[in-house]
Structures are given as structure tokens and as C-alpha cells.
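Coordinate inspection notes
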Amino acid sequence: MRKEWSTLALLFALMLVLTACSQSSAISEPSDPKQANQLEIFSWWTGAGEEAGLQALLKVFTEKHPDIAVVNAAAAGGAGTNFKTVLATRIQKNKPPDTFQVHGGAELNEQWVAAGKMEPLNDLFTQQGWMDKFPASLVQMVSKDGKIYSIPVNVHRSNVLWYNKKVFDQYGLKPPATFDDFFKAADTLKAKGITPLALGDKEPWAATHLFESVLAGTLGPIDYNKLWSGHVHFDDPRIKLAFDTYKKMLTYVNQDHANHNWQDSVQMVGKGEAAMTVMGDWAKGYLSNDLELKLNQDFGFAPAPNTKGIFIAVTDTFGLPKGAKHPLATKKFLEVIGSAEAQDAFNPIKGSIPARLDADVNKYDEYGKTTIEDFKKDFITPSLAHGSAAPQGFVAQCNQLIHTFVAQGDVPSALTALKQAATANHIGSKK
Ligand code: BGC
């Protein structure tokens, strides 16, 4: 797989250099000097587990550019729950922020780039000498038709099982590698009166998040990827198996899951009220920084059941929307977030790994170091719940149908709804 990537990377780099040469830059700053030195950054990184990393990133930026006033315009809600609606309205009204958080993959390319809303950034990439500083797989996720449209600041891993170390030690349990191991451990915990699996799906994406790990676990990484490219069909029996397995898993979750958000479910594990949860590694930022718990003493990590060797990747990126009021200040911000210095200030706090290949591994704890290695050797697959695998319309319909499934447990209806959503959004049929 690495070989295929390197040939692809060479071809891809050549295409991007050619595109950069032919690109013209018609960007200028507002003539009103009062407007010039501002920068509105729009993200959903606010509150517990989210804000500390952003503050570290902004600190690096303001140290370098004290003359630029940052407007931190965050909209609360995990995975961009509220942010995405606000952003869509602003872009529709031609009032975009100067830069905004966007996931690499379909969310960037099929929603904003395809609609002609983003400026290409190949010139920045070449000026900064970044072509060999980011993995080709990531550059591809932020590119369309040879043009690069955003700068990845990190890579989060979606398919992580977080577990309470003391509870596991007390009952002589090991992190479950397979679905069978998971159900055995869950039975032991249930018999002891401990909630085996914490879920907080008040924001429906969290239920899709758990489902995507189960789906990757039943399909395996190659066929999980082929599902999004149309080479595995939505009536594949392993998709039914994913819903069956998910349904069984849901019998081990906290009853009040619909009243809680992702931080609550992670906190349940941190406090030992539940033994495990499947959440992206922003959970580590929350466990370590907000709850002040210790990795490998209070909590441990492992790949979600049946996903060893699979890395479901979520990359947070920032770009330059067309019509942004302060494009030059935005480019300065993008320059900073693409630097190793800023990535190494942000990611150890955020729980993610740096997008750059030359970051300083010594700045990362054991989780970070392990994840940096896994990202090099594992099979990389895009996240569905976080908008990289498929366009936003499909993700929204999946959130809806999985939300209904969690409440009703009707596998045939969920399968029908999934197939309908795939057809409606041309998943698999256009490639
Ligand atoms: C983002 C993370 C964020 C998480 C929870 C994900 O979609 O990529 O940066 O921490 O949502 O809000």
C-alpha cells in the first residue's frame, strides 16, 4: 500500500506544481485600513475538550502577528452540529468568515469547492515548501482537480476505544480486540452492575460515530473504502451484519444516552461509571486536560473492536473562502497553522496527531506517539460521521436513520433507509 501511495504522490505533486504555475492570484485586502488588520476564525472549538487547543494555536499566531486582531467566532456543538448550519447561511449570503474549520474529504471538496466557494492555495503550498511536508494521502483529501483548497492542522482518529483502567484491572479484563471479545467483556461488566459502554447521542452524530467503527469492523478497511467509491454495494450482507452487531452493542449502553453529549459519555468512563466508550481522540484532550486524568493509570486506549490496523481518519483543516474580507491576514493564519511549530503547540493538547510529517514526536505522550506510528502503517479510511467519506447530505440522512435505529432497532427499515440515502446522494454510482 505504501508503494502505491508513493507513485500516486509523485504524480499528484507534479499535477499540483503545474496547477500552481498556471494559477493567478486576484486577492487583495480591503481598502478601509480599519478593516485590514482583522481575522475572523470560525470553528466549533469552544468549551470543554475543544477550546484549549485552539487557544494554543491562536497564541502562536498572535505572537507572530500581534498587529492582526483575531475574532474567535466559535459556534458550540460537537462535530460542528450547530456550526454547519450557521456557516451554510453565511456562505449563502456571501458573508463568509475569513477562514473556517472544515474536514478534508467530501465535506470540503463536494460541498464548498464544488460550489465554487473556496480559493485555491497551491501558491501558499509551494511558497512554503509544503509539498513533501504533508502525507500525499492528506493532500489528496484537501484537493480537487489538482488544486489544493485547505491546510490540514491535524489528524484525529475516530475508531478509538477508551476504557477505564481501574475498572478493567479490577475485573481482570483486557481491551477487547474483536466483537466477540467485546461482548464477553460487556457481559462480565454488566453482571457486576457496571455500564459496559457509554454513549452520549443527544447530538445524533455520536451514534453515527459508533456505527462507523462497527461498519469498518464488519467490512474491513478495503471494502469500507469501496463502499464510498461504489465498488461494494449497499445490499452487501456485511452491512446488515453491522446493524445486527450495533443493535447488540446498544443493549450494553447507558439508558440515558439520549440526554448526554460526547463529553458526558467520556466523563462516565473517566469516573468509572461506565467501562468503555468509542470516541475520536479529542476524548483524550478532554480526559487529560479537562478531567485531569492520567493516561495508562486512569484510562487506556485501544482500536475499537475489530478495527486493529484500520485508522479512520478525521482531518481538521482551514481554507480561504471566496469573498473573505481579509484574505491576506487569512493567508498569514494558514501559513502559521501549516507550520510544525503551531501543529506541535496545538495537537498535544487537542489529542490529535500533527498533519505534518516532520513534527517533533517528543512533544506527544504515549497515545500520540502510538497514533503517529499507526497512521504510518495502518490502512487509512475516511470518516463517515465527520464528513470525509461522503457528502454532507448523505451524512445528515445517515445521522437521521441511525438516530431512528437507536430508538427502534429495526434492521430492515435502517437498511432500506440507508440504500435510499445512498441513491439520493449518488453514493457509489458516480465514480
Ligand atoms: C472534529 C474535532 C472535534 C470533534 C468534536 C470532530 O468533527 O474534527 O476537531 O474535536 O468533532 O467536536
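Labelled according to an unreviewed UniProt entry, the protein appears under the name Probable sugar-binding periplasmic protein, originating from Laceyella putida. Its UniProt record gives the protein the following Subcellular location (unreviewed entry) comment, quoted word for word: "Cell envelope". If you open the UniProt record of the protein and go to Sequence similarities (unreviewed entry), you find "Belongs to the bacterial solute-binding protein 1 family."

Let us now look at the pairing of strand E7 (residues 154–157). Because side chains alternate across E7, one face comprises the buried residues Asn154 and His156, and the other comprises Val155 and Arg157, equally buried. Judged from the 2 bridges that link them, E7 and strand E14 (residues 353–354) form a sheet pairing that is antiparallel. Considered in E14, the bridge of Val155 is made with Ile353. Where E7 and strand E12 (residues 310–314) come together, 2 bridges link them in antiparallel fashion. Its bridge partner being in E12, His156 is matched across the sheet by Val314.

With that settled, the discussion passes to helix H15 (residues 340–350). Where H15 is concerned, the buried positions are Ala342, Gln343, Asp344, Phe346, Asn347 and Lys350. Of the surrounding secondary structure, the elements contacted by the buried residues of H15 are helix H3 (51–64), strand E6 (150–152), E7, helix H13 (282–290), helix H14 (327–337) and E14. Gly351 occupies a position one or two residues after H15 and carries a positive phi of about 100 degrees.

A few words on the packing of helix H11 (residues 237–250) against helix H17 (residues 392–408). In helix packing, the relevant descriptors are the interaxial angle and the interaxial distance, both defined with respect to the helix axes. At a closest axis distance of 10 Å, the pairing of H11 and H17 adopts a crossing angle of 50 degrees. In terms of orientation, H11 and H17 fall into the oblique class. Judged by the sense of rotation from one axis to the other, the crossing of H11 with H17 is right-handed. Within the contact between the two elements, H11 uses Phe243, Tyr246, Lys247 and Leu250 and H17 uses Leu401, Ile402, Phe405 and Val406. Broken down by class, the residue content of the contact of H11 with H17 amounts to 7 nonpolar, no polar and 1 charged.

Strand pairing in a sheet is mediated by backbone hydrogen bonds. Such pairs are either parallel or antiparallel. Taken in spatial order, the 5 strands make up an open sheet running E2-E1-E3-E13-E6, and their pairing is mixed. Of all strands in the sheet, those with a lone pairing partner are strand E2 (69–72) and E6, marking the two edges. Averaged over neighbouring strand pairs, the angle between their axes works out to 30 degrees when direction is ignored. Across the sheet, H3 touches strand E1 (38–42) and E2, and the angle it forms with E2 is around 165 degrees. Contacting strand E3 (99–103) and E6, helix H5 (residues 106–113) crosses the sheet at an angle of about 125 degrees to E3.

Turning next to the site of the ligand. Taken together, 14 residues sit near the ligand, with Glu50, Ala79, Asp316, Lys350 and His386 positioned nearest. In the environment of the ligand, an oxygen atom lies 2.4 Å from a nitrogen or oxygen atom belonging to the side chain of Glu50. His103 places a polar side-chain atom, nitrogen or oxygen, 2.9 Å from an oxygen atom of the ligand. For the ligand, the protein covers 100% of the area, taking 310 Å² as the surface of the free molecule. Grouping the constituent residues of the shell around the ligand by class yields 6 nonpolar, 5 polar and 3 charged.

What follows is about the nonpolar core. Within the largest apolar cluster, 57 residues are counted, with the highest numbers of intra-cluster contacts made by Trp228, Phe243, Tyr246 and Phe394. Looking at which element gives the most residues to this core, the answer is helix H10 (residues 205–229), with 10 residues. Counting 54 residues, the second-largest nonpolar core is a separate cluster that includes Phe83, Leu108, Val153 and Ala329.

With that out of the way, let us pick up the side chain of Asn399. Mapped onto the secondary structure, Asn399 falls in helix H17. In contact with Asn399, not counting residues within four places along its chain, are Pro204, Trp205 and Thr208.

The residue Asn94 is not glycine, and still its phi comes out positive at about 55 degrees. Look at Asn94 and you get exposed, because its relative accessible area is 60%. One non-glycine residue with positive phi stands out, namely Asp145, at about 45 degrees. By the secondary structure assignment, Asp145 is in the loop between strand E4 (143–144) and strand E5 (147–148).

Turning our eyes to something else, we now look at the pattern of salt bridges. Scanning the entire structure with this criterion turns up 20 salt bridges. The shortest N-O distance in the salt bridge between Lys165 and Asp169 comes to 3.3 Å. One end of the pair is Lys165 and the other is Asp169, both in helix H8 (residues 165–170) and 4 residues apart, which spans about a single turn. Where Asp244 meets Lys240, a salt bridge forms, and the shortest distance between an N and an O atom there is 2.8 Å. Residue Asp244 and its partner Lys240 are located together in helix H11, separated by 4 residues, close to a single helical turn. Judged by relative accessible area, Asp244 falls into the partly exposed class, the value being 29%. Among the ionic contacts, a cluster of salt bridges with common partners joins Arg157, Asp374, Lys377 and Asp378.

How each quantity is defined
Residues numbered from 1 in each chain as written. Predicted model: local features only at pLDDT ≥ 70, side-chain atom pairs only at ≥ 80, totals over all residues. Heavy atoms only, no water. UniProt positions renumbered as here; feature names shortened; annotations may be inferred. Buried < 20%, exposed > 50% of the residue type's maximum accessible area, 1.4 Å probe, protein only. Helix = DSSP H or I, 4+ residues; strand = E, 2+ residues; numbered from the N terminus. Pairing = 2+ DSSP bridges. Contact = heavy atoms within 4.5 Å. Axes fitted to C-alpha atoms, helices over the stretch in contact; angles between N-to-C directions. Parallel < 35°, antiparallel > 145°, perpendicular 65-115°, else oblique. Left-handed = near helix turned anticlockwise from the far one by under 90°. Nonpolar A, V, L, I, M, F, W, Y, C, P; charged D, E, K, R; others polar. Near = heavy atom within 4 Å. Polar contact = N/O pair within 3.5 Å; in protein donor to acceptor, adjacent residues only side chain to side chain. Areas by Shrake-Rupley, 256 points an atom, 1.4 Å probe, with all protein chains shown as cover. Core = buried A, V, L, I, M, F, W, Y, C linked by side-chain atoms within 4.5 Å. Salt bridge = Lys/Arg side-chain N within 4 Å of Asp/Glu carboxyl O.

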